[in-house]
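In case you want the letters, here they are:
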Amino acid sequence: SDHDILEGFECLCCGHCCRGDGFVRVSREDIAHMAEALHIHVSHFVALYTRDPEVSWHAKYGDRWLIDHAGDSLDCIFLEDNKCLLHDAKPRQCKEFPMIWRNQAMLDDCAGYQRLMRLKKERDGLS
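Residues numbered from 1 in each chain as written. Predicted model: local features only at pLDDT ≥ 70, side-chain atom pairs only at ≥ 80, totals over all residues. Heavy atoms only, no water.

A word on the overall build of the protein chain
In terms of helices and strands, the protein chain carries six helices and five strands. Each helix and strand of the protein chain, ordered N terminal to C terminal, gives the series β-α-α-β-α-β-β-β-α-α-α. Across the 127 residues that make up the protein chain, the buried fraction comes to 29%. Of the roughly 8600 Å² that the protein chain leaves accessible, carbon and sulfur atoms contribute 53%. Charge separation in the protein chain, taken as the distance between the mean sites of 16 positive and 22 negative side-chain charges, equals 3 Å. (Helix = DSSP H or I, 4+ residues; strand = E, 2+ residues; numbered from the N terminus. Buried < 20%, exposed > 50% of the residue type's maximum accessible area, 1.4 Å probe, protein only. Areas by Shrake-Rupley, 256 points an atom, 1.4 Å probe, with all protein chains shown as cover. Lys, Arg positive; Asp, Glu negative; His and termini not counted. Charge placed at Lys NZ, Arg CZ, Asp CG, Glu CD.)

Okay, structure coming up:
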């Protein structure tokens, strides 16, 4: 079943889920945690690191999107040397990938998922 497709998944910290096309939706709660981790005021965090969501109903909930690094790479603003600067306070969307939500395009770029598929293929080949 789809539920156990990721059984045995291990994040290899490839950082691919933190870069490229897409968005990170952050709730008021996410923003509060991240601002606290950076020791700055919530309003300062919002002004510096977020943008208006391009999905209207996200805005309706009061959610924001994180900005990207400048340039074409579209890396998350908090991705530095392939590590999340706010790992312990990262948004729910980030914590939940790929176990709670996922899409095939992101899985195709995910080193942990690719490793898991290789291991399953080898295991199934042996049986």
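Topic: the packing of aromatic side chains
A complete count under the given rule lists six aromatic pairs for this structure. Between Phe45 and Phe78, the aromatic rings sit 5.9 Å apart at their centres with planes inclined by 10°, giving stacked as the arrangement. Residue Phe45 is found in helix H2 (residues 42–49), and its partner Phe78 is found in the loop between strand S3 (64–66) and strand S4 (79–80); the two are separated by 33 residues along the sequence. One exposure class covers both Phe45 and Phe78, and it is buried. Where Phe97 meets Trp101, the ring centres are 5.1 Å apart and the plane angle is 50°; that geometry is what we call tilted. Trp101 sits in the partly exposed class, given a relative accessible area of 26%. Taken together through their ring pairs, the aromatic side chains of Phe45, Tyr49 and Phe78 make up a single cluster. (Phe/Tyr/Trp six-rings, centres within 6.5 Å; stacked < 30°, edge-to-face > 60°.)

Describing unusual backbone geometry
Here the residue pair Phe97 and Pro98 is connected by a cis peptide bond, since its omega of -5° sits within 30 degrees of zero. Along the polypeptide, Pro98 turns up in the loop between helix H4 (92–96) and helix H5 (104–109). The backbone of Leu74 sits at a positive phi, close to 60°, despite the residue not being glycine. Along the chain, Leu74 turns up in the loop between S3 and S4. The phi dihedral of Asn82 falls on the positive side, at around 65°, and the residue is not glycine.

Considering the pattern of salt bridges
The tally for this structure, following the rule as stated, stands at seven salt bridges. The salt bridge involving Arg51 is made with Glu54; its shortest N-O contact spans 2.7 Å. Looking at Arg51, the relative accessible area reads 22%, which means it is partly exposed. The exposure class assigned to Glu54 is exposed, which follows from its relative accessible area of 62%. With a shortest N-O distance of 3.7 Å, Arg123 and Asp124 are connected by a salt bridge. The exposure class assigned to Asp124 is partly exposed, which follows from its relative accessible area of 47%. (Salt bridge = Lys/Arg side-chain N within 4 Å of Asp/Glu carboxyl O.)

Quick word on the sheet that holds strand S2 (residues 50–51)
Strands sit in the order S1-S3-S2 across an open sheet of three strands; the sheet is antiparallel. Because the sheet does not close on itself, it has two edges, and the strands there are strand S1 (25–26) and S2. Pairing of S2 with S3 involves two bridges; the strand directions are antiparallel. Directly across from Arg51, in S3, lies its bridge partner Trp65. (Pairing = 2+ DSSP bridges.)

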